[in-house]
Amino acid sequence: MAILMCRPDHFDIEYEINPWMHVDVAVNHSAARQQWDALYNTFTHFGETVELIPQVAGLPDMVFTANAGVVWGHNAVVSRFRHVERQGEEPFWVEAFERLGYTVHSMPGDISFEGAGDALFVGSTLFAGWGFRTDRAAHQIVAEQLGVELVSLHLVDPRFYHLDTCFSPLNATTVMFAPDAFDDESATVIRRTIPHVIEVPPEIARGFACNAITVGRHLVSSLASERLNGQFADAGFDVTALPMSEFMKAGGGVRCLSLPFDVGTTGA
Ligand code: ARG
């Protein structure tokens with residue numbers, strides 16, 4: 001595995017497209033850089049290869065590489081952003097996926113799809129969120145383009161506007177998720193289809209605890225995840241809890257800043 005990241009050289013809050021963003025709340029740029037460096041160093045410390053894409057000036061949210069698209073095998077489905085503010089990123093993500101050796105697919109028409117922000121694999125099944133950024137119609141299309149089984153989940157709380165803010169696969173049989181972010185039917189589907197679930201209360205999820213990624217048995221997340229240490233230990237994970245305050249001002253955390261992809265299948 002490798003991880004695609006984008007150094008925050010032009011990161012800022014220049015518009016408001018989710019409830020976390022406020023243009024009058026300034027980003028502390030040196031703190032943002034330190035927080036991003038700590039994440040980068042955590043990945044390399046755990047033996048991951050990090051691939052970088054340069055941030056383009058005028059695209060402040062490009063740091064959130066999870067939103068580039070979703071990858072599986074040698075295929076990538078590139079995002080079609082809901083908001084015009086992020087649509088300028090799309091050609092740069094196409095270029096990045098092509099450079100990494102992927103066959104790139106895209107959404108037909110004007111269907112919105114926001115990549116790994118709203119589409120995460122548990123084992124070989126794709127769990128996809130809809131309700132805020134990704135259109136429900138995108139799910140079946142992505143599943144067909146990738147040739148995978150699909151479970152659609154309905155997001156209902158605007159603070160948890162992307163699936164990766166409230167749902168995180170820890171391994172092929174374990175997820176952490178915030179039930180309050182989903183409608184009852186979707187929360188039930190998660191509990192029924194995934195053998196081991198760690199349920200996260202909304203006050204902890206609000207600290208971006210579910211915006212997590214695992215590197216083997218190491219779970220990397222925001223500071224709020226420390227409050228779940230006991231449950232993670234029981235599930236066999238140790239936790240690296242990192243300050244993410246500057247990126248939370250944009251509505252993002254650890255997972256949003258990271259797009260895992262498989263080096264082996266891309267030849268990268
Ligand atoms: N400001 C960005 C947006 O609203 C944050 C994206 C966070 N990314 C994520 N994968 N949840 O689009």
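Residues numbered from 1 in each chain as written. Predicted model: local features only at pLDDT ≥ 70, side-chain atom pairs only at ≥ 80, totals over all residues. Heavy atoms only, no water.

**Let's talk about the nonpolar core**
By size, the foremost hydrophobic cluster in this structure holds 32 residues, and its most contacted members are Leu153, Phe167, Met176, Phe182, Ile190 and Phe232. Looking at this core, the elements with two or more residues in it are strand E6 (119-122), strand E8 (149-154), strand E9 (167-171), strand E10 (174-177), helix H5 (184-193) and helix H6 (202-205). The dominant element in this core, judged by the number of residues it contributes, is E10, at three residues. Excluding its chain neighbours within four sequence positions, the residues that come into contact with Phe182 are Leu153, His154, Leu155, Val156, Leu163, Cys166, Phe167, Phe177, Ala187 and Ile190. Formed by 25 residues, the second largest nonpolar core is a distinct cluster that contains Trp36, Phe43, Ile213 and Cys256. (Core = buried A, V, L, I, M, F, W, Y, C linked by side-chain atoms within 4.5 Å. Buried < 20%, exposed > 50% of the residue type's maximum accessible area, 1.4 Å probe, protein only. Helix = DSSP H or I, 4+ residues; strand = E, 2+ residues; numbered from the N terminus. Contact = heavy atoms within 4.5 Å.)

**Regarding the sheet that holds E6**
The strand order E6-E7-E8 describes an open sheet built from three strands, whose pairing is mixed. Taken across any chain shown, the strands that pair with only one partner, and hence form the sheet edges, are E6 and E8. Here the strands of the sheet are splayed against their neighbours by 30° on average, with no regard to which way each runs. Bridging between E6 and strand E7 (residues 125-130) involves four bridges; their strand directions are antiparallel. (Pairing = 2+ DSSP bridges. Axes fitted to C-alpha atoms, helices over the stretch in contact; angles between N-to-C directions.)

**Looking at the environment of Phe81**
Following the sequence through the fold, Phe81 ends up in the loop between strand E4 (75-78) and helix H2 (84-87). Sequence-wise, Phe81 and Phe113 are 32 residues apart; in three dimensions their C-alpha atoms are separated by 6.2 Å. In contact with Phe81, other than residues within four places in its own chain, are Asn67, Arg86, Gln87, Glu89, Glu90, Trp93, Ser112, Phe113 and Glu114.

**What about the site of the ligand?**
Taken together, 17 residues are adjacent to the ligand, and Asn18, Arg86, Arg133, Asp164 and Cys256 come closest. Within the side chain of Asn18, one N or O atom sits 2.8 Å away from an oxygen atom of the ligand. Between the ligand and Ala250, the relevant distance is 2.8 Å, taken from a nitrogen atom to a main-chain nitrogen or oxygen of the residue. Starting from 350 Å² of accessible surface for the ligand in isolation, the protein chains cover 100%. The residue inventory of the shell around the ligand, partitioned by class, reads seven nonpolar, six polar and four charged. (Near = heavy atom within 4 Å. Polar contact = N/O pair within 3.5 Å; in protein donor to acceptor, adjacent residues only side chain to side chain. Areas by Shrake-Rupley, 256 points an atom, 1.4 Å probe, with all protein chains shown as cover. Nonpolar A, V, L, I, M, F, W, Y, C, P; charged D, E, K, R; others polar.)

**Here we look at the side chain of Ser112**
Within the fold, Ser112 resides in the loop between strand E5 (103-105) and E6. A relative accessible area of 6% places Ser112 in the buried class. Leaving out residues up to four positions away in the same chain, Ser112 has contacts with Arg80, Phe81, Arg82, Arg133, Thr134, Asp135 and Ala138.

**As for the packing of aromatic side chains**
Counted according to the given criterion, the structure contains 10 aromatic pairs. Between Trp36 and Tyr40, the ring centres sit 5.6 Å apart and the planes meet at 25°, which makes this aromatic pair stacked. Placement of the pair is Trp36 and Tyr40 together in helix H1 (residues 29-45), with a separation of four residues, close to one helical turn. The partly exposed category is assigned to Tyr40, whose relative accessible area is 23%. Here the aromatic residues Phe127, Phe167, Phe177 and Phe182 are joined through ring pairs into a cluster of three or more. (Phe/Tyr/Trp six-rings, centres within 6.5 Å; stacked < 30°, edge-to-face > 60°.)

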